[in-house]
Every structure is written in C-alpha cells, then in structure tokens.
Amino acid sequence: MNFQCSSKLALAAALTLTATAIVAQAPSQAPSHLGPVTATSATGLTLTDSKTSTSITVTVPATAKVLVVAPGSTDLKSATAGSLADVAVGDKALVTGSAGDTGNTLTAVRVVLMKGTAIAQTHQAEEAAWAQGSGGIVKSIDSTAGTVVISSGMKSITISTTPHTIVRHYSGDSVRFEDAVLTKLADIRPGDQVRVRGTKSADGASITADEIVAGSFHNYSGLIATIDGSANSITLKDLATKRTVTVAVTPNSDIRRIPLQMATMIAARMKGAASPSTAATAPAPAGAYGGQRAGADLSQMLARLPTETLGGLKVGDAVMIVATSPVADSTKSNAVTVLAGVDPILTAAPTGDMTLSPWSVGSGAPDMSGGPQ
C-alpha cells in the first residue's frame, strides 16, 4: 500500500465527515449534493455527486448564500461569506436547494465551498506530518499507560498517546484506508505494523501521537508455484516459514516489477553490509541490517517501479509480497503489494529476512484514495 497516497484518503475522510456534519445543519427535506466542481458558469456550477457519480447542474441565483469553509470544519461558525465568483473547478461544494425539472438539476439556496487550493495545502501539510512521523512493527502495548513500543529498523521507538490521539485499524479483508475503522489502542496487537504522526523527541526514541494507523500484514517471499487466473490468486512457498501460502490479487493490489540491474545493485548492497570488512561498523548483525535497509529502500522506490499485471507473472518468478491477514473463515490473504523480479535479492537473503513495508517508508501518509479530492 503506497503510504504517500494515504494522506489523500485521510483528507478525503475528513472532508466527508465535515460535509456530513454540515449537511445535518441543513433543512431536513432540502435535497443536497456534495462533490468536486467540474465546471462553472455565470449562473451556476456543475459538480459530480460523490455518492452517485452523476453530474449535477446547479443554478446559483443571486439570493443564494455562498459560504467558504476551511477543510476540517465541522460547522459553519467560522465560514466566510463568498459569491459565485469564488467558485472554481477543483473546489469541493456542498449544495442545498430545490430540485429542478430533472434529477440532475438543482437550484441552490446555499452553497458551502471548500477551496481546492486550501484542500491542496491541507494535503501537503498532512503528508509532511506523516513523513516526519515514524512506523514499524509493534513489540508491545500498554493500554493502561497509553503507550506502544515499536521496532523501527535497528531501534525501538515508544509511542505515547493522549485522549485526543486518533487510532485506526485496517479491516482484515481490505487494503483501503477508507475501510479502516476507528478503534482503541488495546485493539492493536504485537506484530501489527503501524504508522504514526505526531511530535518526536529530540533523539527520535519517542513520539507523542496525533494519529496512529495500524494493520495486520504479512510478508511473504519465494518463487511462484502456481497462478490461478480464474481465481486471481498465486501460491508460493514462503522462504521464512517454509509454508505454502495462497494470496489473492485484487483490483486494489499494487503489482510492480523491479528491473534486474536495480535488483542486482540492492543485492550487492546487502552482501556488502554482511561482509566482515563492514561488520565492525554495524550496531547489529550486518545481514539483518542489510535486509532491513534494503527493504526500506525498496519501499521508498516502489511507486517509481514499472507496473505489472497478474497476467505478466509466471510460475517460477521470484516475488516479495505484502498481504493482509486472512479473515476468520478463510486461509487466503489479499495482496497489498506484489514485487516481481527480485531473484538477486532473494539469493542474497535466502532465509526470507528481507521484507517490504506495507507503506512506502518515509514517503508520506497511508493510502487513502477514495472520495472527492
């Protein structure tokens, strides 16, 4: 899952909640539409309804109120008065009024507007906040103290929460952030992978969390044993567990292929980290460091690698996979990421200690696409 896009989803979710709260303040029987503005005119605007994906033509008479709110607002107390001239393509509009002659037209009584420029700025701020945060594997949780200890690379980081910390967890059968649910700290388990945004200590050993996003993911690596095109699944014998696993490839799965030259360079870096000449400078067993560092490098460059399809994979391909945990009534995981072309990397890490992050390490926020941007 590309973590860089997740701030888009987080922002989309926030804007949807904003709109929901503001809709509740509208007259109960008044029809309304919410979505991105796709066109403007001297007398109105056109938007795409977020729920139905239909194009809605809106007439905005001079008597209609136009209010501009900031992304994240949950009421109209801080709204500023605007006009139809303030509406631009790319803005997000919540229009309330009376239905026109057809189901695709509406005459506005009120237009609540979120400016596209403000949304972009909020998005950039969200990405920066996630990038300055941290992530890793959960080692322990103390829900009474409100702390989580994670393993991040070669160090441990203590995450402290407050009553205002937002905690979300991906559902077992989904890789979409919009399906992540609000949860409690006690629901996070050792072995979960988390990302956190908040305020870091000077030494980076602790962070006070504003938001935590957790998921139960598995890393698999090995050679593809079978490909079932009708079931959209692949099987492989995992190098780490020596078990045969089946992974479903869904429309949300991100399949990439790393070029041979790039894979060879990463493998050489791993072997160099494990050599006796460099072992003295490593704070831990060099082989482990090489695998973890290379895993971070791969995760960071993932979005720039060539895309692949299930049809482009073949039996015998070496792959690294990040997948969700199987749901209770299934033995099948859903693939978040499938990275092919990793033969040199697996040769350098034959025991499977080389893993990918479910999110692009250091690239921003969790993948949250969905809803109008």
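Residues numbered from 1 in each chain as written. Predicted model: local features only at pLDDT ≥ 70, side-chain atom pairs only at ≥ 80, totals over all residues. Heavy atoms only, no water.

**Some points on the overall build of the protein chain**
For step 1, the next point in the chain: Within the protein chain, the secondary structure is distributed over six helices and 20 strands.
For step 2, the next point in the chain: For the protein chain, the share of sequence-separated contacts (at least 6 apart) that also reach a separation of at least 24 residues comes to 65%.
For step 3, the next point in the chain: By element, 55% of the accessible surface of the protein chain is carried by carbon and sulfur atoms, the whole surface being about 17200 Å². (Helix = DSSP H or I, 4+ residues; strand = E, 2+ residues; numbered from the N terminus. Contact = heavy atoms within 4.5 Å. Areas by Shrake-Rupley, 256 points an atom, 1.4 Å probe, with all protein chains shown as cover.)

**Overview of helix α2 (residues 116-131)**
For step 1, the next point in the chain: Compared with the 22 Å implied by 1.5 Å per residue over 16 residues, the 22 Å span of α2 between its first and last C-alpha is a close match.
For step 2, the next point in the chain: When we look at burial in α2, the residues that qualify are Gly116, Ile119, His123, Glu126, Glu127 and Trp130. The arc that holds the buried residues of α2, viewed along the axis, is 95°, so those residues lie on one side. Across from the buried face of α2, at angles greater than 90 degrees, the exposed residues are Thr117, Gln121 and Gln124. (Expected span 1.5 Å × (residues − 1). Buried < 20%, exposed > 50% of the residue type's maximum accessible area, 1.4 Å probe, protein only. Arc of directions from axis to C-beta.)

**Side note on the confidence of the model for the protein chain**
For step 1, the next point in the chain: Of the residues in the protein chain, 75% have a pLDDT of 70 or more, and the chain-wide mean is 79.
For step 2, the next point in the chain: Counted against residues more than four places away or in other chains, residues 1-17, with its pLDDT under 50, gives 70 contacts.
For step 3, the next point in the chain: Here residues 360-373 scores under 50 on pLDDT; set against residues more than four positions off or in separate chains, the count is 68 contacts. (pLDDT = per-residue confidence, 0-100.)

**Observations regarding the pairing of strand β16 (residues 233-237)**
For step 1, the next point in the chain: Along β16, four of the five residues are buried, which leaves the element largely enclosed by surrounding structure.
For step 2, the next point in the chain: Relative to β16, strand β15 (residues 217-228) runs antiparallel, the two sharing four bridges. Within β16, the residue paired with Ile224 across the bridge is Leu236.
For step 3, the next point in the chain: Where β15 hands over to β16, the hairpin turn is made up of four residues, of which Asn232 adopts a positive phi near 50°.
For step 4, the next point in the chain: Pairing of β16 with strand β17 (residues 244-248), which is carried by five bridges, proceeds in the antiparallel orientation. Along β17, the bridge assignment pairs Thr235 with Thr246.
For step 5, the next point in the chain: What sits between the antiparallel neighbours β16 and β17 is a turn of six residues, in which Lys242 has the positive phi angle 65°. (Pairing = 2+ DSSP bridges.)

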